[in-house]
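The lines below spell out each chain.
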Amino acid sequence: MKYVLTLIGNKATPLSSAHVDAARSALPSPGTAGWLAAHLACDIPFDGEPAAAEAAARSALKGAKIDLSAQAVEGRRKRLLIADMDSTIIEQECIDELAAECGIKPQISEITERAMRGEIEFEPALRERVGLLKGLPLEALEKVYRERITLTPGARALVATMRNDGHACALVSGGFTFFTERVAHAVGFNTNQANRLIFVGGKLTGGIAEPILGREAKLEALVRLRDELGLKPEETLAVGDGANDLAMIGEAGLGVAFHAKPVVAEAAHARIDHGDLTALLYMQGYRQEEIGG
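Here is what the cut-offs are and how they apply
Residues numbered from 1 in each chain as written. Predicted model: local features only at pLDDT ≥ 70, side-chain atom pairs only at ≥ 80, totals over all residues. Heavy atoms only, no water. 1 Å grid on protein atoms, 1.4 Å probe; cavity = no way out; pocket = protein on both sides within 12 Å on 5 of 7 lines; lining within 4 Å. Points joined across faces, edges and corners; volume = space filled by probe spheres on them. Helix = DSSP H or I, 4+ residues; strand = E, 2+ residues; numbered from the N terminus. Nonpolar A, V, L, I, M, F, W, Y, C, P; charged D, E, K, R; others polar. Salt bridge = Lys/Arg side-chain N within 4 Å of Asp/Glu carboxyl O. Buried < 20%, exposed > 50% of the residue type's maximum accessible area, 1.4 Å probe, protein only.

Colleague: Just checking my understanding: could you explain empty space enclosed by the protein for this structure?
Modeller: Any empty space left between the atoms is revealed when a probe the size of a water molecule rolls over them. By the definition in use, this model includes one cavity of 30 Å³ or more. By volume, the largest cavity is sized at about 150 Å³. Forming the walls of the largest cavity are 17 residues, and the residues nearest its centre are Asp86, Glu93, Phe122, Gly174 and Gly175. Those elements that provide at least two residues to the lining of the largest cavity are helix H4 (94–102), helix H5 (105–116), helix H6 (122–131) and strand S6 (168–176). With four residues, S6 is the single largest residue contributor to the lining of the largest cavity. Split into classes, the residues belonging to the lining of the largest cavity amount to six nonpolar, five polar and six charged.

Below, the structure is given as C-alpha cells:
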C-alpha cells in the first residue's frame, strides 16, 4: 500500500489494540496493522488521501492523547535531521533561565512566549531580552547549564539512531552558542549553530553578534546541509516548536511541530503533542529494537 498511518502512545496514555482498531476502522482500504513497539507505536497501511485519512482517524480516536501521522511509505526514513534546541531538544528556554539568574524571568519569558507564538518579530525581541541581561557573569551561564537545563526525553535516542543509520543531525537554534555547543556534544549532533553572546571582562555586555540567526538562518542551514549532502528535499526532517521554526519545517520533507505553539502545529506536516522525541523515529518506521541511545 502507498501510505501508512502511524499511531504513537506515551507513558501517560499507552497505545492499545482498541486505539488501533478505532483508527483502522476510519481508514479507506486499511491493511494489517503492524506494531513497531508494544504499547507505544503501530503502523496501519492504507490507500487513500493522507490528510483526509489522518483527520478521520483523529475523529475516531475521540480525543485520546495519542499522536498520529499519515505519510507515504516510500522515502519515509530521512537522511538529514535539523532540530531546534530550546523547548525541543531541551526542555527549557535558555534565555528565560538566564533571566531567572537576574530575577527578571517573568519580564523576559513574556517576551519569549510572544515571539514563539509569532506575535512579535524574533530579532528585535532577542536584542531586547539580551540587553536586559547586561552584566550577567559567565559563571551564571555555566550554573544555568549545569543546574537548570535538561534534555527532552528521547533526544539522545533520536540522534543516536539516525546517526547509527548513517544520517546527519544538525542542531540549529535562535539561542546561543554557549548552550548549543554543550547540548550538541551531550546529545551527539554532528553540527550546531546559534547566536553569539558578547562578553567583556567575563560579563555580558547586553549585546549580541550580528547578524542575528533566526527563522531564515534555520531555513538556510537546512538547504545548505541538504545540498552539501546531495539530498532531495523529501529526504530531510525538521523539528521545532516556535514561530521561527516555521520556514525550516515547511521546507523539510517531513516537518514536525513538537509540543508546539498553535501557529506551528497548524502549519506543520505532522505534530507531536503528547509523546517524546522517539516519536520522530516511529514516524520514520523504526522499530523499538532499532532504537539506540
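Colleague: Looking at this structure, I do not really get the pattern of salt bridges. What am I missing?
Modeller: In a structure, side chains of opposite charge can pair up when their charged atoms sit close to one another. The full count for this structure, using the stated rule, is 22 salt bridges. One salt bridge connects Glu97 with Arg148, and the closest N-O pair in it is separated by 3.3 Å. Note that Glu97 is positioned in helix H4 and Arg148 in the loop between helix H7 (138–147) and helix H8 (155–164), a separation of 51 residues in sequence. Relative accessible area serves as the criterion here: at 8%, Glu97 is assigned to the buried category. You can call Arg148 partly exposed: its relative accessible area is 29%. Measuring nitrogen to oxygen at the nearest pair gives 2.7 Å for the salt bridge that ties Arg117 to Glu119.

Bear in mind that shape data such as this cannot, by itself, settle questions of function.
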